[in-house]
Amino acid sequence: MSITQNNNLIFVSIASYRDPELLPTLRDLFIKAKYPDLIRVGLCWQKDESESIEEFIDNENIRIYECDWQKSKGACWARHIIQKFLYEGEEYYFQLDSHHRFKEHWDEYLKNLYDEAPSSKPIIGTYGTTYWPDREDTEPLIEEPYRIVTFDTFTDDGDIVSRPQHIIEHDNHKANNVNLINARLLSGHFIFSSGMFVRECIYDPNLYFRGEEITLSARAYTHGYDMFHPTRSVVWHEYLRQREHKHWGDHTKISDFDTLASTRDKRSKQRQRALFNMDPNNLDFKHYGLGNVRSLHDYELYAGLDFKNRRVHKYAARLNDARDMPEPFIMTEQEWHEGMLNKHTIDITWNYEDVPDDVEFDFWFFGFEDKDDNLLWRKDMHIEKDNTYYNNIFNKKSNTHRSVFSCSGKPDHCVIIPHIKDGDWVEKIIIKV
């Protein structure tokens, strides 16, 4: 891998898997750039026989690692391939997916953000604002910048779920020329930093998909990088992609693959837990491990996480109002310990007769309150296509639900409020815990 140069070039990493949005993304990337001649794209093109990007094949600013989709090993592997074989010492590193739209003159804007960041090693990124390819002709791109927040608890396999949350203060930030805020977590689909990041935090190809972002965040922080969210939208991202191919949906037993996506995911989660010392292990991660500028516990104090005990701090969790979540700061040990949320697993059963018949629901409010009726945690169950679990509840084929969540108080009772599509709320159901 070449040494990073002061050449003003931006290396753009794009991992694409059977994606019809790749071509529109490449077009928009170059059209919206102020200085397209300074852009170098590294593309891991995991393609099928129907795909073509003919207009870019002979573009000298694009380097392509072509791979049959059946031989792909997942997102982290693809990003590793790009960094290892296609990066050539460009000054800046810009990591994306293959389904994006861009701010006008995004390249100049990101360089300016990088220069004004209050850090000698800044890394800028977030979850991109949502765009819908089938609505582009009728709906303009929306200015709705996000911050990345953690969910309220760890998953059973030791992962931490992250979610986008609207930066509700972004109008005030804009008026006051506040262009960056501190961040706890990185996104896999929008990262901008020095090309040195590629050399110090090269992707671990042994990771699969889930776990990519938390491991990357911890590795970056322990290598001395400071993370920031932009307060204005820079890129837009297509999230649901319900009709598109997913690696984990293709690489299955029914499709006769030797190595299943589920097997890769299981191994990846084991490696992730080992990195964070959640499981006993003696693995040597070599250059895929944590840095030595800061410790893992330094990151825990900053991000509000407790990996060993699988706990989340109240300041870091997505619980209720976004305005209750302060920007990240380095906590004291006392602040860190005292603010940790307690994890609960509660099974709830309700009476069928409490839910009306012959109506169509669009979502249910599902929450837990303390003895003084203060809301501790909530989940909105939205009707989703092909979601058998929710459909069974909404259609009165099931009257039980297991909630796994964290909160700072003691749950006293569960509150369920079904909502009728195009109608009113049903009378609330209260169940003592």
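Residues numbered from 1 in each chain as written. Predicted model: local features only at pLDDT ≥ 70, side-chain atom pairs only at ≥ 80, totals over all residues. Heavy atoms only, no water.

K.L.:
Before we go on, may I ask you to explain the sheet that holds strand β7 (residues 129-130) in this structure?
P.N.:
By way of backbone hydrogen bonds, the strands of a sheet pair with one another, either parallel or antiparallel. Pairing in this open sheet of three strands is mixed, and the strands run β5-β13-β7 from one edge to the other. Strands with a single pairing partner mark the edges of an open sheet, and in this sheet they are β5 (100-102) and β7. As paired elements, β5 and strand β13 (residues 235-237) share three bridges and run antiparallel to each other. By the bridge assignment, F102 is partnered in β13 with V235. (Pairing = 2+ DSSP bridges. Helix = DSSP H or I, 4+ residues; strand = E, 2+ residues; numbered from the N terminus.)

K.L.:
Explain empty space enclosed by the protein to me, please; I cannot follow it from the model alone.
P.N.:
Vacant regions in the atomic arrangement are exposed by a probe of water-molecule size rolled over the atoms. Evaluation of the coordinates by the stated rule reveals four cavities of 30 Å³ or more. Looking at the largest cavity, its volume works out to about 70 Å³. Around the largest cavity, the lining residues are R147, I148, V149, I181, N182, A183, R184, H229, M325, P326, E327 and P328. Those elements that provide at least two residues to the lining of the largest cavity are β8 (146-154) and β10 (180-182). Ranked by residue count, the leading element in the lining of the largest cavity is β8, at three residues. (1 Å grid on protein atoms, 1.4 Å probe; cavity = no way out; pocket = protein on both sides within 12 Å on 5 of 7 lines; lining within 4 Å. Points joined across faces, edges and corners; volume = space filled by probe spheres on them.)

K.L.:
Just to check I follow, could you spell out the pattern of salt bridges for this structure?
P.N.:
A side chain of one charge can pair with a side chain of the opposite charge if their charged atoms are brought near each other. If you walk through the whole model with that rule in mind, you get 31 salt bridges. In this structure, D97 engages R79 in a salt bridge whose closest nitrogen and oxygen atoms are separated by 2.8 Å. Of the two residues, D97 is situated in the loop between β4 (92-96) and β5 and R79 in helix α3 (residues 75-85); the sequence distance between them amounts to 18 residues. Here D97 matches R79 in class, with each residue buried. D380 is the salt-bridge partner of R378, the closest N and O atoms lying 2.8 Å from each other. Residue classification places R378 among the partly exposed positions, given a relative accessible area of 37%. On the accessibility criterion, D380 (28% relative accessible area) is partly exposed. A single salt-bridge network, built from bridges that share partners, covers R18, D48 and D250. (Salt bridge = Lys/Arg side-chain N within 4 Å of Asp/Glu carboxyl O. Buried < 20%, exposed > 50% of the residue type's maximum accessible area, 1.4 Å probe, protein only.)

K.L.:
Would you mind going over the nonpolar core with me for this structure?
P.N.:
One broad rule of soluble globular proteins: the nonpolar side chains tend to lie buried together. Membership of the largest hydrophobic core comes to 49 residues, with the highest contact counts inside it found for F197, I214, M227, F276, Y299, L305 and F307. For this core, the secondary structure elements donating two or more residues are β1 (10-17), α3, β8, α6 (196-200), α7 (212-222), α9 (261-275) and α10 (296-303). Apart from residues lying up to four places away in sequence, M227 is in contact with I123, I181, N182, A183, R184, L185, L186, S217, Y221, Y299 and Y302. (Core = buried A, V, L, I, M, F, W, Y, C linked by side-chain atoms within 4.5 Å. Contact = heavy atoms within 4.5 Å.)

K.L.:
Help me understand unusual backbone geometry in this model?
P.N.:
With glycine set apart, most residues show a phi of negative sign, and most peptide bonds adopt trans. A positive phi angle, close to 50°, is found at K286, a residue other than glycine. Of note, K286 is situated in the loop between α9 and α10. Positive phi values are uncommon outside glycine, yet D358 reaches one of about 55°. Turning to its location among the elements, D358 is positioned in the loop between β16 (342-349) and β17 (361-369). For D358, a relative accessible area of 82% gives the class exposed.

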